[in-house]
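Here is how the chains run, residue by residue.
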Amino acid sequence: MSQVFDIDFGEHRKSKIVGIDLGTTNSLVAYMDHTGPKVIPGADGELLVPSIVSYTDGQFVVGNAARTLLIEQPERTVYSVKRLMGRGVGDIKEEIGLFPFRLASDSEQVIKLQLGEKTLTPPEISAQVLAELKRNAEEALGTPITQAVITVPAYFNDAQRQATKDAGRLAGLEVLRLVNEPTAASLAYGLDKRQNGVVAVYDLGGGTFDISILRLHDGIFEVLATNGDTHLGGDDIDNRLLRIALEDIQSEWGEDLSKNGEAVQLLRRAVIHAKEQLSYVPFVHIQFEYGARQYHRQITRELFESLITDIVDRTLGPCRQCIADSGVSIDDIDEVVMVGGSTRIPMVRRAVEVLFKAKPHTELNPDEVVALGAAVQAGILSGDVEDKLLLDVTPLSLGIEIMGGVVNKIIHRNSTIPASATETFTTAVDGQRNVLIHVLQGERELVKDCRSLARFDLKDIDPMPAGAPRIEVRFLIDANGILSVTARDARTGKEQTVEVKPSYGLTDEQVEAMILESIEKAEDDFAQRQVREARVEADNILAATEKARASDAWLELTEEERQKASDAVNQLLLAYHAEDHHLIRAKIDELNEATMTLAENMMNTAVRAALKGTKIDA
Amino acid sequence: MDYFEILGIDRRLSLDVDFLQKRFYQLSREYHPDRFASKPAAERAQAEQKSALLNDAWRTLRDPLQRIEYLLKLEGLDVVEQRTKDVPPELLEEVFELNMALEEARMGDEDARGELAGMRDHFLQLRQAIDAELQQLSAEYDAAPGSPKLQQIRGVMNRRSYIRNLVNEVEKELAPSGQNTPA
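Residues numbered from 1 in each chain as written. Chains lettered and ligands numbered in written order. Predicted model: local features only at pLDDT ≥ 70, side-chain atom pairs only at ≥ 80, totals over all residues. Heavy atoms only, no water.

Draft legend 1. A look at the overall build of chain A. A tally of helices and strands in chain A yields 17 helices and 26 strands. Seen through its C-alpha atoms, chain A measures out along the principal axes to roughly 100 × 70 × 60 Å. Looking at chain A residue by residue over its 618 residues, the buried ones come to 52%. Carbon together with sulfur atoms contributes 50% to the accessible area of chain A, which is approximately 28,600 Å² in total. Separation between the mean location of the 66 positive side-chain charges and that of the 97 negative ones in chain A comes to 3 Å. (Helix = DSSP H or I, 4+ residues; strand = E, 2+ residues; numbered from the N terminus. Buried < 20%, exposed > 50% of the residue type's maximum accessible area, 1.4 Å probe, protein only. Areas by Shrake-Rupley, 256 points an atom, 1.4 Å probe, with all protein chains shown as cover. Lys, Arg positive; Asp, Glu negative; His and termini not counted. Charge placed at Lys NZ, Arg CZ, Asp CG, Glu CD.)

Written out as structure tokens, the structure is:
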């Protein structure tokens, strides 16, 4: 009867690529099916996974579950870690004052945060969020997920992008592409609403602001210009409301709560709730209870708007610059698409409407649209979406240090990526073997005003008189917005060794070491799970044996059989607390064997009882 | 492969930018790394190089001045950055006046600022005339390509670069203090 079918699973076996929006406040994972992009919910049914990570009882907890821990165990829990990605300790003085980040004592070149007894870098923490999204997707799609498109703020610099890519690798994901968030949003939008024209995307999220202007042309999404601020978002509004509430409380209660982690998180939650309500109602009450004391304050939308005017205004400068750089006039912009939770604030919408002289589009869910766009990009990479193509730009100019601490720009901002530039270098001293190239990102003229990206050391140059060597260095910004550098001797054509010393973030070796460590950890986790499973099994058989000992079947055994069974129970109880699932299982098997007759007797009793028509507990 | 070759066009100075854009979009669909995501690493790297070259080409050739500079470079005639000392003879008198006004403005003379603004406008007009001249020369080169014409174009480009620097200098002086004007 059996027949061999030759089924082609090719289409189904092709591994799925997911799209991930790794946000400051919330993260989402989406994928593309034949009907279009879809957001994948977590185990709790929620689409938004809060980007909160807690390390408790030797385990990581992520998302909504970690939200509670933020209040119960604030010293083990962290949020808004995206603000620290790719940054140095010197950069984050401002953040440290506003966020409960606990810097580990050995934070020098790389920021490290303390979560309870654990010390972690921002990419490692973000990796936990990514791993959670990966699990959600695997659960929902029923297949292992190893490849992803991850979105980043358009205005992220090289180090911030690299850090995001590192986080992906640490989470066991091959990051096929980093896509700029506003560009991703435009993909989802263009899929839905518009085929041709000029579109501006205004993206104000939890911690970052981006503005991009794109030309849509028969499936080509060409970014004309982008601008932004990687430290501007809803967090800033929350912090402002929080500070006011803390000051109020100090004067009313005579108590400074700002050092009390639990109280601050509860209060923060209350002001965020108030802020969100204010987008829909003209006034709200901030309600806060702590230690049997109450704080209560009414805030009108009017007052709220006066408090955040400067924050909203800070988005307008980048918008104007972006319009100027795009080469289109405001009147040429057909539509403005609003992205990010903070664009629900009516004042933000008004400001955008006034500047762009167009009513902003708000019909797409601003929380989901970036993840949906990332899924479309995943579809483009897998070949499932054939007619769409994104042409993105680099947000910041790339330059090299020249004499006098001046930056010579070699790739200008808003250049379509991949983009490249070739420069020729030579030596200054006879016999010089190395040339150091300092690469920077930024728009200013002086080295001290730009952001140091890396130092590239051209090594093993043939010794020659000064000025004779000609080393051709090629700078390439790839489609992810990440720089790579290659060099060759222009006379011989020989590849030249380039040693990279990143100014911020992790070296490749450090990431590799972390991945190795996480694999070891994964093995530990696996072993622990097996121990837990073995214990559950032991619990079951111990409970069953206990029950049998109280029955008639136990009395039918010989003294020797009873002794054997009791010994086996004791042996298992002894093994139970050892961290060795092999041992536990061995003892379970022994107990099984020792209680074989007992089980048979039980069965017979049950059969007899059944024949008699009496009910018994099996 | 040079910028003209990757876009599949002749080495010309007058180009139809709309046509160029269409060609750019069409070739982007072919070369963009997104199209090679599931291909072997070597093919991906090659696509990246090609796509970068295409983008560099489009960015350079769509702008008439960058296009001229690029072609001059291809033909071995680099445009040299003009220093303020090497004054083209025909501008000697005007540059002298300008320097006087700059000096006075730096001393805090408000009248000189007005004078500077007038001179800036004058130089901007000169620059416009040069741009028209370059357009004319570009058409002549395309009709009969040759080294003498390129030499002539290079001379005009140098003059333009000199005037651009003058305008920048004046604008820096006129801008409210502490603010940098973008180059």
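Draft legend 2. Highlighting the nonpolar core. All names here are of chain A. Tyr202, Ile213, Phe288 and Phe356 are the most contacted members of the largest nonpolar core, which totals 51 residues. Counting residues per element, this core draws most heavily on helix α7 (residues 234–253), which supplies seven residues. Counting only domains with at least three residues in this core, you end up with domain 1 (12–232 + 314–391) and domain 2 (234–310). Ala127, Ala137, Ala148 and Phe156 belong to the second largest nonpolar core, which has 50 residues in total. (Core = buried A, V, L, I, M, F, W, Y, C linked by side-chain atoms within 4.5 Å. Domains from an automatic or database assignment.)

Draft legend 3. Region of the structure containing the pairing of strand β5 (residues 52–56) of chain A. Residue and element names in this part refer to chain A. Burial analysis of β5 places five of its five residues in the buried class, which makes it a mostly covered element. Burial along β5 is two-sided: the face carrying Ile52, Ser54 and Thr56 and the face carrying Val53 and Tyr55 are both buried. Sheet topology places β5 next to strand β7 (residues 77–79); three bridges connect them, and they run antiparallel. Its bridge partner lying in β7, Ile52 is registered against Tyr79. One ladder, built from four bridges, connects β5 with strand β6 (residues 59–62); its direction is antiparallel. The residue bridging Tyr55 from the neighbouring strand is Phe60, located in β6. (Pairing = 2+ DSSP bridges.)

Draft legend 4. Spatial organisation of the domain arrangement of chain B. Residues and elements named next belong to chain B. Split by domain assignment, chain B resolves into domain 1 (3–62) and domain 2 (89–174). The centre of domain 1, based on its C-alpha atoms, is set 34 Å off from the matching centre of domain 2. Between domain 1 and domain 2, the residue contacts involve four residues of the former and five residues of the latter. Between domain 1 and domain 2, a total of about 370 Å² is buried, with carbon and sulfur atoms accounting for 52% of that surface. When the buried area of domain 1 at its contact with domain 2 is split by residue, Arg12, Leu13 and Ser14 rank highest and sum to 89% of it. Residue composition of the side of domain 1 that touches domain 2, grouped by class: one nonpolar, one polar and two charged. (Contact = heavy atoms within 4.5 Å. Buried area = accessible area lost by both parts, 1.4 Å probe. Nonpolar A, V, L, I, M, F, W, Y, C, P; charged D, E, K, R; others polar.)

Draft legend 5. Examining the packing of helix α2 (residues 64–72) of chain A against helix α8 (residues 261–277) of chain A more closely. Residue and element names in this part refer to chain A. One way to put it is that α2 packs onto α8 with a least axis distance of 7 Å and a crossing angle of 130 degrees. By the angle between their directions, the pair α2 and α8 is classed as oblique. Contacts between α2 and α8 involve Arg67, Thr68, Leu70 and Ile71 from the former and Glu262, Gln265, Leu266, Arg268 and Arg269 from the latter. Taken together, the residues of the contact of α2 with α8 sort by class into three nonpolar, two polar and four charged. (Axes fitted to C-alpha atoms, helices over the stretch in contact; angles between N-to-C directions. Parallel < 35°, antiparallel > 145°, perpendicular 65-115°, else oblique.)

Draft legend 6. Fine view of the state of the cysteines. Residues and elements named next belong to chain A. In total, this model carries zero disulfides over all chains according to the counting rule given. Summary of cysteine pairing: Cys319 is not part of a disulfide, and the nearest cysteine sulfur, belonging to Cys322, is at 7.3 Å. Judged by relative accessible area, which is 0%, Cys319 ranks as buried. Cys322 sits in the buried class, given a relative accessible area of 0%. (Disulfide = S-S within 2.5 Å.)

Draft legend 7. Up close: the interface of chain A and chain B. On the side of chain B, 18 residues touch chain A, which itself brings 27 residues to the contact. When chain A packs against chain B, the two sides together hide about 2,100 Å² of surface, and 46% of this comes from carbon and sulfur. When the buried area of chain A at its contact with chain B is split by residue, Ile220, Leu389 and Pro418 of chain A rank highest and sum to 23% of it. Scanning the region where chain A abuts chain B turns up one salt bridge. Between Asp34 of chain B and Arg177 of chain A there is a salt bridge whose closest N-O contact spans 2.2 Å. Run the count over chain A and chain B and you get 13 residue pairs in polar contact (both at pLDDT 80 or more). Class assignment for the residues of the side of chain A that touches chain B results in twelve nonpolar, six polar and nine charged. (Salt bridge = Lys/Arg side-chain N within 4 Å of Asp/Glu carboxyl O. Polar contact = N/O pair within 3.5 Å; in protein donor to acceptor, adjacent residues only side chain to side chain.)

Draft legend 8. Quick peek at the environment of Val312 of chain A. Relative to the elements of secondary structure, Val312 of chain A occurs in helix α9 (residues 301–313). Leaving out residues up to four positions away in the same chain, Val312 of chain A has contacts with Met347, Val348 and Ala351 of chain A.

Draft legend 9. Spotlight on the packing of aromatic side chains. What the rule picks out here adds up to eight aromatic pairs over all chains. Note on Phe24 of chain B and Trp58 of chain B: the rings are 5.1 Å apart at their centroids and 15 degrees apart in plane angle, and the pair reads as stacked. Separated by 34 residues along the polypeptide, Phe24 of chain B in helix α2 (residues 17–31) and Trp58 of chain B in helix α3 (residues 41–61) bring together distant segments of the chain. Residue class for Phe24 of chain B comes out buried when judged on its relative accessible area of 0%. Here Arg535 of chain A stacks its cationic end above the ring of Tyr576 of chain A, 5.8 Å away from the centre of that ring. (Phe/Tyr/Trp six-rings, centres within 6.5 Å; stacked < 30°, edge-to-face > 60°. Lys NZ or Arg CZ within 6 Å of the ring centre and 35° of its normal.)

Draft legend 10. Seen up close, the side chain of Thr164 of chain A. Residue and element names in this part refer to chain A. In this structure, Thr164 sits in helix α5 (residues 158–170). Classification of Thr164 as buried rests on a relative accessible area of 3%. Those residues in contact with Thr164 that sit more than four places away from it in its chain are Leu22, Met85, Ile150, Val152, Phe156 and Leu178.

Draft legend 11. Geometry of the domain arrangement of chain A. Each assigned domain of chain A is listed here: domain 1 (12–232 + 314–391), domain 2 (234–310), domain 3 (398–506) and domain 4 (510–612). Look at where the C-alpha atoms of domain 1 of chain A and domain 4 of chain A centre, and you get two points 48 Å apart.

Draft legend 12. The arrangement of the environment of Met514 of chain A in detail. All names here are of chain A. Tracing the backbone shows Met514 in helix α13 (residues 508–549). The class of Met514 is buried, set by a relative accessible area of 13%. Discounting residues that sit within four places of it in the chain, Met514 has contacts with Thr121, Glu124, Leu170 and Leu506.

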